Amino acid sequence: MKKRKILEFAGEWALKLSVGISLAFLFLFLFMIFSKGAGRLSISFLTQMPKNGMTEGGIFPAIIGTLSLTLLSMLIAFPLGVLSGIFLSEYGKPAWLVSIIKTSINTLSGTPSIVFGLFGLSVFVIGFNMGVSILSGSLTLAVLILPIIINATVESIKSVPFDFREAAFSLGATKRQVITRVILPAAAPGILTGSIISVGRAAGETAPILFTAATFYTRRLPKSVMDEVMAMPYHIYALMTEGTAPESQVPIAYGTAVVLLLLVLIINGTAILIRYRMRKRRNW
Amino acid sequence: MKTKEFLFKYITLAAASLSILFLMGIILSIFKEGLPLFNDINFSDFIFGRKWHPTDEPADLGIFPLISGSIFVTLGALLVGVPLGVGSAIYLSEIASTNVREALKPFIEILAGIPSVIYGLFGMAVLAPLVRKLFNVPTGLNLFSASIILGIMIIPIISSLSEDALSAVSKELREASLALGANRIETIFKVVLPAASSGVISSIILGFGRAIGETMVVLMVSGGAAMLPKSIFSPVRPMTSAIASEMGEAVNGSQHFQALYGIAIVLFLITFLSSLLMQWFAGRENRE
């Protein structure tokens, strides 16, 4: 009897401890990044070009680079992802094709991001002769985030009640009308949530753009999608591993990390807020 | 009217089929660039060769040190991430009050989205100097530090998926166990956890895949020495880190270039098998 009591006590504390340690680690991590980088933030840090071989100045081109890569990859992946999701959940025939597509999506989502980088290098950069450019990088990122958008679409369409379809069909709507006018509007907040999360993913990825889009240093902003760009994640990596003046580079790396972190936290926070409000408001 | 219906259906079909095309594109591109290597050296020398000196003349292209680097770092990460991640999941699903759970779940979800390069920065600038001082080792950029950072990084992934699996266990099962006189901890470990085992295992496999495929953390924190580690404080060079750091200098089409694509093939096969395994476990859970 005594032993059971001790085990119960120990078990409960072990579980509490594991949460405590996890949260402590994660808080420490966030705290260190913010405390070392927040002091760096200023309007000029966000809006100026880097100076003196990356040892002074701001990160404006890296911000522009990340925004353009993220935006373009979303423009490519979002329509493809939503259309794919519609096919998988509403048409779903022939079964053999659907099962191949689902296996492909699962495999894509488990593939390491550096492998996407090599794919982008040999297909877009070299194969299609796009060079190291915003376009090559965005296409690579688009393939990477496609599974997230497809899965979000399938899940949110699945949660639309069957009555909605039946009601629309009984009014004489065609399948396409049911999908575009009834199901998609009902599923939109869920699709949006998943897609916003994939924006955060695209903004923070480094490995896929290493050889397809990113450059350590440019003196000018990109003029077209065929230009190479600086990007915040790559900027952090490069400042930490290249260059000759770590004492002035590391603080800039922290500053860039805070900007990137805030961007991703705001993006993901928005997604979670949308989902929360949607669940509260939904009456089905 | 008919044509519009027809068109819409086939546009969605075409979009969905692109996923197959993309997967094929990945497989074909890494095999096309990587396979020519095996005209020159045989596959088992590549996998089991103990020396990685890709720029020597003639080059030594054995990736065993890189594979072992990946495996050791990943095992280390799982040693950190699995107990903490699964433990947190159990706490959230079984012990925490609804308010605590509802507050912590989105927080964990947000953490899962933090870019890995920021974890890498933390590892390089904060953890590595600490490890070097604390254990009095020549460099803090090593197997140990990389495992800890990767382990912390996969906690949110493992815990949110495990939590889903635990929450899906039916309430009756818990009530039956409690009614038989088991206490809460006995119920958790002898009834709920076994019932959710498939889901928990698939969360661990997902964590494994994430850790072995992660690039930026190991590139920045693991030290980069392409040697078999002698201790947990040895610097290592996992496969992803070799690709990322060497591709820039490898000449397009050279043996070194092909070998890096060869590493990508090995990496792809490992993650492909682990995602099949995960789907099998996930399917088993659904059948149960």
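Looking at an unreviewed UniProt entry, chain B carries the name Phosphate transport system permease protein, with the source organism given as candidate division WOR-3 bacterium. According to UniProt, the comment filed for chain B under the heading Sequence similarities (unreviewed entry) is "Belongs to the binding-protein-dependent transport system permease family. CysTW subfamily." Heading Subcellular location (unreviewed entry) of the UniProt record for chain B holds this comment: "Cell membrane".

In the annotation of an unreviewed UniProt entry, the entry for chain A reads Phosphate transport system permease protein PstA, and the organism field reads candidate division WOR-3 bacterium. Per UniProt, the comment on chain A under Sequence similarities (unreviewed entry) is "Belongs to the binding-protein-dependent transport system permease family. CysTW subfamily." Taken from UniProt, the Subcellular location (unreviewed entry) comment for chain A reads in full: "Cell membrane".

J.: What am I meant to see in the domain arrangement of chain B here?
T.: Note: interface size is frequently given as the accessible area lost on complex formation between the parts. All names here are of chain B. Assigned domains within chain B: domain 1 (2-34) and domain 2 (44-287). Domain 1 and domain 2 are separated by 31 Å when their C-alpha centres are compared. Across the boundary between the two partners, domain 1 contributes eight residues, which contact seven residues of domain 2. Carbon and sulfur atoms make up 85% of the area that domain 1 and domain 2 hide from each other, which totals about 660 Å². Counting the surface domain 1 buries against domain 2, the share from its top three residues, Ile30, Phe31 and Glu33, is 69%.

J.: So what exactly am I meant to see when it comes to the environment of Asn42(B) here?
T.: Residues and elements named next belong to chain B. By the secondary structure assignment, Asn42 is in the loop between helix H2 (37-40) and helix H3 (43-48). Taking the C-alpha atoms as reference points, Asn42 and Thr55, separated by 13 residues in sequence, lie 19 Å from one another. There is a polar contact of 3.0 Å between the side chain of Asn42 and the backbone nitrogen of Asp45.

J.: Help me understand the packing of aromatic side chains, please; the structure alone is not making it clear to me.
T.: The geometry of an aromatic ring pair is captured by the separation of the ring centres together with the interplanar angle, meaning the angle of the planes. As enumerated under the stated definition, the model contains 18 aromatic pairs over all chains in all. Members of the aromatic cluster, each reached through a chain of ring pairs, are Phe29(A), Tyr119(B) and Phe122(B). In this structure, Lys16(A) packs its charged tip against the face of Trp13(A), placed 5.0 Å from the ring centre.

J.: Could you clarify how one ought to interpret the nonpolar core in this entry?
T.: The biggest cluster of nonpolar side chains holds 173 residues, and the ones touching the most others in it are Ile33(A), Ile118(B) and Ile263(B). Each of domain 1 (2-34) and domain 2 (44-287) of chain B accounts for three or more of the residues forming this core. Beyond its immediate chain neighbours, meaning those up to four positions away, Ile263(B) contacts Phe46(B), Trp52(B), Ile63(B), Leu66(B), Met239(B), Ala242(B) and Ile243(B).

J.: Any chance you could explain the UniProt feature "transmembrane region" (unreviewed entry) in chain A here in plain terms?
T.: Residue and element names in this part refer to chain A. Under the UniProt annotation, "transmembrane region" (unreviewed entry) lies at residues 21-39, 59-88, 108-128, 134-157, 178-200 and 252-274. With 86% helix and 0% strand, residues 108-128 has its two end C-alpha atoms placed 21 Å apart. Split by type, residues 134-157 is 100% helix and 0% strand. Its first and last C-alpha atoms lie 33 Å apart.

J.: I keep staring at the pattern of salt bridges and nothing clicks. Help me out?
T.: Close approach of charged atoms lets side chains of opposite charge pair. Inspection of the entire model under this criterion finds eleven salt bridges over all chains. Between Glu109(B) and Arg275(A) there is a salt bridge whose closest N-O contact spans 3.0 Å. Within this pair, whereas Glu109(B) is found in helix H5 (residues 98-112), its partner Arg275(A) is found in helix H10 (residues 246-281), the two belonging to separate chains. Taking the shortest distance from any N to any O, the salt bridge between Lys32(B) and Glu33(B) comes out at 3.4 Å. Here Glu33(B) falls in the buried class, since its relative accessible area comes to 13%.

J.: I tried to follow the UniProt feature "domain: ABC transmembrane type-1" (unreviewed entry) in chain A on my own but got confused; where do I start?
T.: Following the UniProt record, one finds the feature "domain: ABC transmembrane type-1" (unreviewed entry) at residues 63-271 of chain A. What you have in residues 63-271 of chain A is 77% helix and 0% strand, and the ends, taken at the C-alpha atoms, are 21 Å apart.

J.: Help me understand the UniProt feature "transmembrane region" (unreviewed entry) in chain B in this model?
T.: On the UniProt side, "transmembrane region" (unreviewed entry) is annotated at positions that read residues 7-31, 63-86, 107-131, 143-166, 187-212 and 259-282 of chain B here. Annotated as residues 7-31 of chain B, this span is 100% helix and 0% strand, and its ends, taken at the C-alpha atoms, are 35 Å apart.

J.: Please clarify how the interface of chain B and chain A should be interpreted in this entry.
T.: Each partner contributes to the interface: chain B provides 76 residues, whereas chain A provides 78 residues. Buried area between chain B and chain A, summed over both chains or domains, comes out near 6900 Å², and the portion from carbon and sulfur atoms is 78%. Scanning the region where chain B abuts chain A turns up four salt bridges. The tally of links between chain B and chain A comes to 13 residue pairs in polar contact (both at pLDDT 80 or more).

Reading guide: rules and limits
Throughout, a residue's number is its position along its own chain's written sequence, starting from 1. By the order in which they are written, chains take letters starting at A while ligands take numbers starting at 1. Local features in a predicted model are, by the rule used here, given only for residues with pLDDT of at least 70; side-chain atom pairs are given and counted only at 80 or more, and totals for whole chains, interfaces and linings are based on all residues. Based on all heavy atoms of the structure, the side-chain values leave hydrogens and waters out of the count. UniProt positions are given in the numbering used here, feature names are shortened, and annotations may be inferred rather than shown by experiment. Per the annotation, domain bounds derive from an automatic or database assignment of domains. We call two residues in contact whenever any of their non-hydrogen atoms come within 4.5 Å of each other. Once two parts are put together, the accessible area they lose, assessed with a 1.4 Å probe and summed over both, is termed the buried area. Only runs of H or I of at least four residues qualify as helices and only runs of E of at least two qualify as strands under DSSP, and these elements are numbered from the N terminus. Two N or O atoms count as a polar contact when they lie within 3.5 Å, although within protein this holds only if one can serve as hydrogen donor and the other as acceptor, and sequence-adjacent residues are included solely when both atoms are side-chain atoms. Aromatic pairs are defined between Phe, Tyr and Trp rings, using the six-membered ring for Trp, whenever the two ring centres lie within 6.5 Å; interplanar angles under 30 degrees are classed as stacked, those over 60 as edge-to-face, and all others as tilted. Over a ring means this: the NZ of a Lys or the CZ of an Arg is within 6 Å of the ring centre and within 35 degrees of the ring normal. Residues belong to one nonpolar core when they are buried, are Ala, Val, Leu, Ile, Met, Phe, Trp, Tyr or Cys, and are joined through side-chain atoms within 4.5 Å. Only protein chains enter the calculation, and the probe is 1.4 Å; a residue is then buried if its accessible area is under 20% of its type maximum, exposed if over 50%, and partly exposed in between. By salt bridge we mean one thing: a side-chain nitrogen of Lys or Arg within 4 Å of a carboxyl oxygen of Asp or Glu.

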